Amino acid sequence: MKLSEFIERNVDSIVEEWTEHAQANLPSARGLPPEELRDHTKQLLLHIADDMDTPQSGEDRHEKSRGNRPENAPEITRTAKADADQRFGLGFSLGEMAAEYRALRASVVRRWTERLSVVNLGMLDELTRFNEALDQAASDSIAWYVDRVEESRKLLLGVLGHDLRNPLGAARNSADYLLRTEGLTHAQTKAVVRIRSSTDRIRQLVSDLLDLTLTRLGGSLPITLGPANLGQVCRQTLDELEAFHPDRQLQMDCAGELTGEWDVLRIGQLLSNLIANAIQHGDPSTPVTVSVQEQGDSVAVQVHNQGPVIAPEARRKLFDPMTRPVTQHAEGREGSSGLGLGLYIVREIAVAHGGEIKVDSSEREGTTFTVRLPRKPSAKGASTGVAST
């Protein structure tokens, strides 16, 4: 019996066996009505059987094996996408979807081969056609599922950023108003300052999440270039951070010609993230120093702090998202958001300006982040944005 004929005759029992396997082994399938699991699977197997009965030339087979015939079986593609859409709505993970296809393949092949007494080339060709069609379905289904996940993530973070900005802005403005009000006790003033500081941290976190979404979806951070002086931008950033950290020493040193074309808001974000990182992880008894120096066609910014050394193995992933700057003696300090987006955003801003960033860390010299920014950024920026140390 041909494999396509076997599938058509036994499709109900195949799907029944597959449904029992899914409900027993896939957490998201447990408790679901069997009809929600089996509907698309039965359709898919019947479409695969039809495709296997369709004549195929040697050239068609060669092109399909290379993935160059993505629309050769539109009914398979349509059913696979519908299945992915349903699984996404039911909360299936990508791994569970892949496991479904693996189990379906195993069930069909095992049941068919158990009935064979002799194997010939025609049967092997049938098996090849079945695997090709099922692989196409799996590929289309998973690709559709991934697209839905990315679309949902982008929408979620977009809504998050939009909906949080207004209440955060209102809370920040209210805190500023209260600070200008006479008659607050010392304890009340401290509480309002904490509210203002917390809203600023949340607002920065939302901004970082939106930037992460943009860059991880294949884009780059948008920048608006204009004349700027890095020394002035750095001074303004330090003044803002000093207001939030009155107990920390922040020192600045500038030398040379520091003008160029940069996005002032993004450069301020870069400096704020680097300095805040130094404040968080540095030794509170020693100052954080910021140096802005002319370097030919570029300007270099260095942010230095004394404190625990960043372990060599941690430096390789220091600028990856969701990575915290682990030191040899501690895994972080109180007050960290825990998401590890700050240094990732710093690198992306440097890249967008055609610059680069590196870090040096030792017991004797402390930790120094160095950002080099060309005075006139290139259109595409640097390839990696991370210099060797």
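Note that the coordinates shown come from a computational prediction; the quantities given were computed from them, not determined experimentally.

Trainee: Any chance you could explain the packing of helix α1 (residues 3-25) against helix α5 (residues 94-113) here in plain terms?
Mentor: Helix-helix packing is characterised by the crossing angle of the two axes and by the distance between the axes. The contact between α1 and α5 brings their axes to 9 Å, and the two run at 130°. Our classification of the angle between α1 and α5 gives oblique. Remark: the crossing between α1 and α5 carries right-handed chirality. In this structure, α1 uses Leu3, Phe6, Ile7, Ser13, Ile14, Glu17, Trp18 and His21 to contact α5, whose residues at the interface are Glu100, Ala103, Leu104, Ser107, Val108, Arg110, Arg111 and Trp112.

Trainee: Got a minute to help me understand the packing of aromatic side chains in this structure?
Mentor: Aromatic ring pairs are defined here through the distance separating the ring centres and the angle between the ring planes. In the structure shown here, the tally under the stated rule is two aromatic pairs. Ring geometry for Phe88 versus Tyr145: centroids 5.8 Å apart, planes at 75°, classification edge-to-face. With a gap of 57 residues between them, Phe88 in helix α4 (residues 74-90) and Tyr145 in helix α6 (residues 121-179) connect regions that are remote in the sequence. With a centroid separation of 6.2 Å and 90° between ring planes, the pair formed by Phe319 and Phe369 is classed as edge-to-face. Linking Phe319 in the loop between α10 (312-315) and α11 (342-352) with Phe369 in strand β7 (residues 366-374), this pair joins segments that are 50 residues apart in sequence. Exposure remark for Phe319: the relative accessible area of 4% places this residue in the buried category. Over the ring of Phe92 we find Arg87, and its NZ or CZ is 5.0 Å from the ring centre.

Trainee: Sorry if this is basic, but what is going on with the pairing of strand β4 (residues 288-295) here?
Mentor: Two elements, strand β2 (residues 250-255) and β4, share six bridges in a ladder whose sense is parallel. Pairing of Leu250 across the sheet is with Val288, part of β4.

Trainee: Even after reading the chapter, I still don't get the pattern of salt bridges, so can you show me in this structure?
Mentor: Pairing between side chains of opposite charge can happen when their charged atoms approach one another. The final tally for this structure, using the stated rule, is 21 salt bridges. The shortest N-O distance in the salt bridge between Arg38 and Glu16 comes to 2.9 Å. With Arg38 in helix α2 (residues 34-52) and Glu16 in helix α1, the pair connects residues that are 22 residues apart, well separated along the chain. Classification of Arg38 as partly exposed rests on a relative accessible area of 26%. Here Arg110 makes a salt bridge to Glu17, at a shortest N to O gap of 2.4 Å. A residue pair is termed long-range when its members are at least 10 positions apart, and Arg110 in helix α5 and Glu17 in helix α1 qualify at 93 residues. Glu17 sits in the partly exposed class, given a relative accessible area of 24%. Taken together, the shared-partner salt bridges connect Glu17, Arg110, Arg111 and Glu114 into one network.

Cut-offs used in this document
- Residues numbered from 1 in each chain as written.
- Predicted model: local features only at pLDDT ≥ 70, side-chain atom pairs only at ≥ 80, totals over all residues.
- Heavy atoms only, no water.
- Axes fitted to C-alpha atoms, helices over the stretch in contact; angles between N-to-C directions.
- Helix = DSSP H or I, 4+ residues; strand = E, 2+ residues; numbered from the N terminus.
- Parallel < 35°, antiparallel > 145°, perpendicular 65-115°, else oblique.
- Left-handed = near helix turned anticlockwise from the far one by under 90°.
- Contact = heavy atoms within 4.5 Å.
- Phe/Tyr/Trp six-rings, centres within 6.5 Å; stacked < 30°, edge-to-face > 60°.
- Buried < 20%, exposed > 50% of the residue type's maximum accessible area, 1.4 Å probe, protein only.
- Lys NZ or Arg CZ within 6 Å of the ring centre and 35° of its normal.
- Pairing = 2+ DSSP bridges.
- Salt bridge = Lys/Arg side-chain N within 4 Å of Asp/Glu carboxyl O.

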